[in-house]
Amino acid sequence: WSATFTKALEIHRFVKIVSFQLMGLHLSVFMRQSLAAAVTPGSVKLGNVGTGLGGMGFNKGCIAVQLELAGAVWLFLNCHLAAGQSKTSARNSDWQKITSRLQFEGANGMESDYVLVMGDMNYRIQSPGLSEDELRLALEPLRSGEAVGYVPNSLLEADQLAIEKSQGNVFLGFEEEPITFCPTYKYDENTDVFDTSPKARTPSWCDRVLWRTHGNI
């Protein structure tokens, strides 16, 4: 992945600052060449928190990069939270463990000036008063490209991450762009067809990007 990203971005004058992988999690930080010179020498630090097996395993959790750029501290996280339609509380718990355990030289990483979080958060669409077939039918115009950017409010209101965030359970102070894209989970392999396996997993926006700032970027 790192080599692929490097090749794709170098023509746009981006350079790799650091690349970090732990089990299935990968995180690379690239910057424009003009910005890279402003990274404080020696400020790049790597961190991780395991929340999986036994509450510590790295099948779930996060990897992180912290650095100082132009006098501000930036934190980048790639997270993989607990899976399963009904495991909302476990996902919340994973996030709380990450925010309390992520340390850089004795300081909590979440105190960074700018925090960017991405990854497979695994939050699902919980029953919005629709059957599985009705839910997929409601998403069909978006999936097929007939209604680009339109997502029914009934589905957005059933998004577990949005619900938990609005209740103050996770991602306090974080922002997210409006969801205008098709669910990223779950498709038959190498197709754009929602899961037709016996599990028939509910389409959901599992893959997310959120941020928190102490200023304007």
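Everything here concerns the structure above.
Residues numbered from 1 in each chain as written. Predicted model: local features only at pLDDT ≥ 70, side-chain atom pairs only at ≥ 80, totals over all residues. Heavy atoms only, no water.

(A) Up close: the overall build of the chain. Scanning the chain from N- to C-terminus turns up six helices and nine strands. The C-alpha radius of gyration of the chain comes to 19 Å, within 12% of the 17 Å expected for a compact globule of 217 residues. Overall, the chain is about 55 × 40 × 35 Å in size when its C-alpha atoms are taken along their principal axes. Out of the 217 residues belonging to the chain, those deemed buried represent 41%. Surface exposure of the chain reaches about 11500 Å², of which carbon and sulfur atoms provide 54%. (Helix = DSSP H or I, 4+ residues; strand = E, 2+ residues; numbered from the N terminus. Rg over C-alpha atoms; globule rule 2.2 N^0.38 Å. Buried < 20%, exposed > 50% of the residue type's maximum accessible area, 1.4 Å probe, protein only. Areas by Shrake-Rupley, 256 points an atom, 1.4 Å probe, with all protein chains shown as cover.)

(B) Structural view of unusual backbone geometry. Between Tyr 185 and Lys 186 the backbone carries a cis peptide bond, its omega angle lying at -5°. Following the sequence through the fold, Lys 186 ends up in the loop between α6 (160–166) and β9 (207–213). If you check the backbone angles, Ala 70 has positive phi at about 55° while not being a glycine. Mapping Ala 70 onto the fold places it in the loop between β4 (61–69) and β5 (72–80).

(C) The arrangement of the environment of Val 148 in detail. Summarising the element assignment, Val 148 is placed in the loop between α4 (132–144) and α5 (153–156). Using a relative accessible area of 74% as the deciding quantity, one classes Val 148 as exposed.

(D) Structural view of the nonpolar core. If you look at the biggest cluster of nonpolar residues, it comprises 21 residues, and the most contacted ones within it are Leu 77, Cys 79, Trp 95, Val 117, Met 121 and Phe 171. For this core, the secondary-structure elements that each account for two or more residues are β4, β5, α3 (88–101) and β8 (114–120). Here this core gets three residues from one element, more than from any other, and that element is β5. Among all residues touching Val 117, those that are not within four sequence positions of it are Leu 77, Cys 79, Trp 95, Phe 171, Phe 174, Arg 208, Val 209 and Leu 210. Of all hydrophobic cores here, the second largest spans 13 residues; its members include Val 18, Leu 25, Leu 27 and Val 39. (Core = buried A, V, L, I, M, F, W, Y, C linked by side-chain atoms within 4.5 Å. Contact = heavy atoms within 4.5 Å.)

(E) Geometry of the state of the cysteines. In this structure the tally under the stated criterion is zero disulfides. In this structure Cys 79 is a free cysteine whose sulfur lies 4.9 Å from that of Cys 62, the closest cysteine sulfur available. Looking at the unpaired Cys 206, the closest cysteine sulfur is the one in Cys 182, lying at 13 Å. (Disulfide = S-S within 2.5 Å.)

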